[in-house]
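Results of the structural survey
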Amino acid sequence: MRAAAAEKGILFGSAFSTIYMSDEAYTREFASQCGVLVPEVELKWAALRPSPETFDFTRGDTLYDFASANNILFRGHTLVWENALPSWFNAYVTARNAEQLMTNHILSVVRHYAGKVTSWDVVNEGVQVQDGRADGLKVSSWLQHIGPEYIELAFRTAHQADPKATLIYNENWIEPDDSDSEKRRRAVLALLTNLRKRNVPVHGLGIQSHIFAEANVTGPNFRQFLKEIEDLGLSILITEMDVRDQHLPADIHTRDQLVAEQYRNYLSFLLQFRSVRTIVTWGLSDRYTWLSTHNKRADNLPVRPLPYDFELKPTAAWQAIQTALEQASTR
Ligand code: G3I
């Protein structure tokens, strides 16, 4: 998949973690198939910040060393998110110290990886229309303590720390063709349009793509949204793709075919947009997927959302991704 993507000027890769590095077979396959690595947890606050005064880059650096030793690019995920925060955070953060806490974190982390990270997810999942705000923003601890301007401040601070890094706004649940997702898309578009108007250094949109196998994720509203994002001059990245098979029949062959079909449909749809030049899956093998713990099947059968099965055998999804890359136009 790495080679097929590179031939078209596309970067293909996956999330990886130090937790999996003792699995030599998986690590080897990862290095052969991936041109970009995204730390699954190692660059989040919970891993980087043992205390308000200290940073621990050990695990992040281990992943960077592995990536650079295998000529794999390195994506940063994520500088500002209301999840994966350290245990001390909620008791420590106040309206007085939140801005300094956030900017100091961004400056320190981005400077530490300056020239090593190709692109950063600066802000992750900042929209939640259900929270009832006119701008559709999520009422996160960052918004509560700093205000909606925390997003602009985060991007300007990241750019100050590494002017060469590509800075991404990363979001989920914007793919399906339903009214909730349409409201989210409108809120994301308004946010990015506003940031661009004020010359805030945001360079692209990350579409997580944790999609259900049965969902319609190639609808006209989504297509219109992607065109509007491109018209803003932003690049589009698929940042955390997996195809959820929770609601599919138990039969493995049937499931794999339906999962593969969704990979094929979704990727060939997205790759029509020339600004899509990065495709990242959230793990490569069903052996290591967050869906095993976060989204179990009702029948408790192991989930199969990724291009390699538990035994590290390529599934129909692998071939679907390969074919979509081979059929894509050269960027
Ligand atoms: O490493 C500790 C371990 O020492 C401890 O014994 C264990 C039990 O508490 O927890 C382990 O940490 C877990 C970590 O994954 C590593 O496995 C955390 O509890 C758990 O919360 C963390 O989950 C990650 C989650 O983000 C939160 O950071 C998932 O692996 C990761 O796949 C998930 O990824 C997110 C993206 O960042 C954003 N988009 C959605 C996506 C899926 O939720």
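So, a few notes on the structure that sits alongside this text. None of the values given here were measured: they were computed from a predicted structure. (Residues numbered from 1 in each chain as written. Predicted model: local features only at pLDDT ≥ 70, side-chain atom pairs only at ≥ 80, totals over all residues. Heavy atoms only, no water.)

Overview of the overall build of the chain
Counting its regular elements, the chain contains 13 helices and nine strands. For 331 residues, the compact-globule formula gives about 20 Å, and the C-alpha radius of gyration of the chain, at 19 Å, lands near that figure. C-alpha extents for the chain along the principal axes are approximately 55 × 45 × 40 Å. Within the chain, the proportion of its 331 residues that are buried is 58%. Considering only contacts in the chain between residues 6 or more positions apart, those separated by 24 or more positions represent 77%. The centroid of the 34 positive side-chain charges in the chain is displaced by 5 Å from the centroid of its 40 negative side-chain charges. (Helix = DSSP H or I, 4+ residues; strand = E, 2+ residues; numbered from the N terminus. Rg over C-alpha atoms; globule rule 2.2 N^0.38 Å. Buried < 20%, exposed > 50% of the residue type's maximum accessible area, 1.4 Å probe, protein only. Contact = heavy atoms within 4.5 Å. Lys, Arg positive; Asp, Glu negative; His and termini not counted. Charge placed at Lys NZ, Arg CZ, Asp CG, Glu CD.)

Quick look at helix 4 (residues 58-69)
Here helix 4 is 12 residues long and its end C-alpha atoms lie 16 Å apart, about the 16 Å a rise of 1.5 Å per residue gives. Considering only its buried residues, helix 4 is in contact with strand 1 (11-16), helix 2 (24-33), strand 2 (36-39) and strand 3 (73-80). Two residues or fewer after helix 4 comes Asn71, characterised by a positive phi angle close to 50°. (Expected span 1.5 Å × (residues − 1).)

A word on the site of the ligand
If you check the shell around the ligand, you find 14 residues, and the closest are Glu40, Lys44, His77, Glu240 and Trp282. Contact distances for the ligand include 2.9 Å between an oxygen atom and a side-chain N or O atom of Trp282. In the complex, the protein chains occlude 51% of the 790 Å² of accessible area that the ligand would expose alone. (Near = heavy atom within 4 Å. Polar contact = N/O pair within 3.5 Å; in protein donor to acceptor, adjacent residues only side chain to side chain. Areas by Shrake-Rupley, 256 points an atom, 1.4 Å probe, with all protein chains shown as cover.)

Quick word on the environment of Gln160
With respect to the helices, strands and loops of the structure, Gln160 is situated in helix 8 (residues 150-161). For Gln160 and Leu79, which are 81 residues apart along the polypeptide, the C-alpha to C-alpha distance reads 14 Å. In contact with Gln160, not counting residues within four places along its chain, are Leu107 and Arg111.

Considerations on the side chain of Ser285
Position of Ser285 relative to the elements: it lies in the loop between strand 9 (276-281) and helix 12 (291-294). Of the polar contacts made by the side chain of Ser285, one reaches the backbone oxygen of Asp309; its length is 3.0 Å. Excluding residues that lie within four positions of it along the chain, Ser285 makes contacts with Tyr26, Leu306, Tyr308, Asp309, Phe310 and Leu312.

Remarks on helix 11 (residues 252-270)
For helix 11, which comprises 19 residues, the first-to-last C-alpha distance of 27 Å matches the rise-based estimate of 27 Å (1.5 Å per residue) to within 8%. Residues of helix 11 that are buried: Arg255, Asp256, Val259, Ala260, Gln262, Tyr263, Tyr266, Leu267, Phe269 and Leu270. Summarising the contacts, the buried residues of helix 11 are in contact with strand 6 (204-207), strand 7 (210-212), helix 10 (220-231), strand 8 (235-244), strand 9 and helix 13 (316-327). For helix 11, the N-terminal cap is Asp251; the gap from its side-chain oxygen to the backbone nitrogen of His253 is 3.4 Å.

Quick notes on unusual backbone geometry
In this model, His77 is joined to Thr78 through a cis peptide bond whose omega is 0°. Within the secondary structure, Thr78 is located in strand 3. Even without being a glycine, Asn71 presents a positive backbone phi close to 50°. Looking at the element boundaries, Asn71 is found in the loop between helix 4 and strand 3. One non-glycine residue, Trp173, lies in the positive phi region at around 55°. On the secondary structure map, Trp173 appears in the loop between strand 5 (166-171) and helix 9 (179-197).

Overview of the packing of helix 6 (residues 98-112) against helix 8
Running from amino to carboxyl end, helix 6 crosses helix 8 at an angle of 30°, the nearest separation of the two axes being 8 Å. Our classification of the angle between helix 6 and helix 8 gives roughly parallel. Note on packing geometry: the crossing formed by helix 6 with helix 8 is right-handed. In this structure, helix 6 uses Glu99, Met102, Thr103, Ile106, Leu107, Val110 and Arg111 to contact helix 8, whose residues at the interface are Tyr150, Leu153, Ala154, Thr157, Ala158, Gln160 and Ala161. In terms of residue class, the contact of helix 6 with helix 8 is built from nine nonpolar, three polar and two charged. (Axes fitted to C-alpha atoms, helices over the stretch in contact; angles between N-to-C directions. Parallel < 35°, antiparallel > 145°, perpendicular 65-115°, else oblique. Left-handed = near helix turned anticlockwise from the far one by under 90°. Nonpolar A, V, L, I, M, F, W, Y, C, P; charged D, E, K, R; others polar.)

So, the pattern of salt bridges
The tally for this structure, following the rule as stated, stands at 16 salt bridges. For Arg186, the salt bridge is made with Glu182, and the minimal N-O distance between the two is 3.0 Å. Taken together, the residues span about one helical turn, with Arg186 and Glu182 both in helix 9 at a distance of four residues. Using a relative accessible area of 32% as the deciding quantity, one classes Arg186 as partly exposed. With its nearest N and O atoms 2.8 Å apart, the salt bridge here joins Asp231 to Lys227. A residue pair is termed a helical-turn pair when its members lie 3 or 4 positions apart in one helix, as Asp231 and Lys227 do in helix 10 at four residues. Given a relative accessible area of 42%, Lys227 falls into the partly exposed group. Ionic contacts of the salt-bridge type, sharing partners, join the residues Glu182, Arg185, Arg186 and Glu228 into one network. (Salt bridge = Lys/Arg side-chain N within 4 Å of Asp/Glu carboxyl O.)

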